[in-house]
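Each chain is listed here by its residues.
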Amino acid sequence: MTNTQHSPVTVLGLGAMGSALAWAFHKGGVATTVWNRTPGKDSELVAAGAVSAATAGEAVRTAELVVVVLLDHASVHEILDPIAAQLTGKQLLNLTSTSPEQSRELAGWAAEHGIEILDGGIMAVPAMIGTEGSSILYSGSEAVFTAHRPTLELLGSVEFFGTDPGLAALWDFSLLTIMYTMFGGFFQGAALVGSAGVTASEFAARASNWVAAMSQLLPPFGRIIDTGDYTSEVFQDLVFTKTALDTLRQAASDAGITAEPLAGFADLVDRQVTAGHGAAAFERTIEALRGK
Ligand code: FVH
């Protein structure tokens, strides 16, 4: 049953994420129309009462809010460019993972066509959509965010970062950077301990506690980086860090595995030591990322 609190929504793209979003809208009482390039992915949604459209143009006709959740920036343009005229005067939400610059480019394109656009970064996997753990970061049109906030809250908690359309993606990609480097470290650690016959599952149980404990160090790191003073408060200096990383690389080599996930970070530390900052706090590594 549809709920008059929510305007009709169209979801363009029924991959794993688009389907999860469409289901959350539908279950929340939103009149939901769906379209996907490859037909057939909407059969269960349609059986449950969602409306299927044969083309993207047809799909956006009745919607006030059009949600686009496709593979990437190129596929978004591939689908939206031919229907720009039908989108004029409508409100668009891009939940496709696009880089900050791509989000800004899309916002420029939307403005040229009289389309109000909000951009979002989904901090959840499809199974989490609509649950407490799901969080979505937004930026761009505050009017679209405010008008549809109750509808957006059906997907997860919401936060608006500002009118720069690239901001949500900037936060999203910064958080994903942590996630992927952590996963890379987990795989390297699992390969290392696995060289002694330990299973990855056994390692994972201990590693998740370790990651949780180490994450407590991030706020103090942030504070030191923000002062720009890497000499007054030195929890661990760069020479010590270089020695530790060199030994970790040696351990990987001895076990016959590659240390590539660690190598990028180790190179940054090496550069800081070579530049004469060995006694500084290892948080100074961020300056190597900034090219200093
Ligand atoms: N899945 C996840 O965990 C993450 C969580 C964070 C956010 N991402 C982003 O969400 C976007 C969509 O991801 P997805 O999980 O739905 O991805 P797929 O299941 O691979 O579905 C891709 C959909 O895109 C359609 N598509 C691809 N190329 C084109 C194109 N050239 N023209 C039209 N549609 C296209 C594809 O259609 P089809 O292959 O079924 O015809 C799917 O609908 C993504 O940006 C994630 O980074 C998800």
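No experiment lies behind these values; they were computed from the predicted model shown. (Residues numbered from 1 in each chain as written. Predicted model: local features only at pLDDT ≥ 70, side-chain atom pairs only at ≥ 80, totals over all residues. Heavy atoms only, no water.)

**Considering the side chain of Arg 284**
Next up, step 1: Mapped onto the elements, Arg 284 comes out in the loop between α13 (260-274) and α14 (285-289).
Next up, step 2: An unpaired buried charge is present at Arg 284: no salt bridge exists, and Glu 287, the closest side chain of opposite charge, is 5.8 Å distant.
Next up, step 3: Residues within four places of Arg 284 in sequence aside, it is in contact with Tyr 230, Leu 238, Gln 272 and His 277. (Helix = DSSP H or I, 4+ residues; strand = E, 2+ residues; numbered from the N terminus. Buried < 20%, exposed > 50% of the residue type's maximum accessible area, 1.4 Å probe, protein only. Lys, Arg positive; Asp, Glu negative; His and termini not counted. Salt bridge = Lys/Arg side-chain N within 4 Å of Asp/Glu carboxyl O. Contact = heavy atoms within 4.5 Å.)

**Concerning the site of the ligand**
Next up, step 1: Neighbouring the ligand are 22 residues; Met 17, Asn 36, Thr 38, Lys 41 and Ser 97 lie closest to it.
Next up, step 2: In the model, an oxygen atom of the ligand is placed 2.5 Å from a nitrogen or oxygen of the Thr 38 side chain.
Next up, step 3: Here the ligand loses 76% of its free accessible area of 900 Å² to cover by the protein chains.
Next up, step 4: Of all the secondary-structure elements, those providing two or more residues to the shell around the ligand are α1 (16-27) and α4 (73-80).
Next up, step 5: Looking at side-chain class alone, the shell around the ligand contains eleven nonpolar, eight polar and three charged residues. (Near = heavy atom within 4 Å. Polar contact = N/O pair within 3.5 Å; in protein donor to acceptor, adjacent residues only side chain to side chain. Areas by Shrake-Rupley, 256 points an atom, 1.4 Å probe, with all protein chains shown as cover. Nonpolar A, V, L, I, M, F, W, Y, C, P; charged D, E, K, R; others polar.)

**Points about the sheet that holds strand β6 (residues 116-123)**
Next up, step 1: With mixed pairing, the eight strands of this open sheet are ordered in space as β3-β2-β1-β4-β5-β6-β7-β8. Only two strands of the sheet have a single neighbouring strand rather than two, namely β3 (51-52) and β8 (157-160).
Next up, step 2: Of the pairings in the sheet, the one linking strand β2 (residues 32-35) to β3 comprises two bridges and is parallel in character. By the bridge assignment, Val 34 is partnered in β3 with Ser 52. (Pairing = 2+ DSSP bridges.)

**Description of the environment of Ala 20**
Next up, step 1: The topology assignment puts Ala 20 in helix α1.
Next up, step 2: Separated by 105 residues in sequence, Ala 20 and Val 125 place their C-alpha atoms 9.1 Å apart.
Next up, step 3: When residues no more than four places from it in sequence are discounted, the contact partners of Ala 20 are Pro 126 and Ile 129.

**Describing the nonpolar core**
Next up, step 1: One finds Val 11, Leu 21, Val 67, Leu 95, Ile 129, Tyr 138 and Leu 155 to be the most contacted residues of the largest nonpolar core, which totals 29 residues.
Next up, step 2: Looking at this core, the elements with two or more residues in it are β1 (9-12), α1, β4 (65-68), β6, β7 (135-140) and α7 (142-147).
Next up, step 3: Per-element tally for this core: the top contributor is α1, with six residues.
Next up, step 4: Counting residues in each nonpolar core, the second largest holds 23 residues, with Ala 59, Val 76, Ile 79 and Leu 87 among its members. (Core = buried A, V, L, I, M, F, W, Y, C linked by side-chain atoms within 4.5 Å.)

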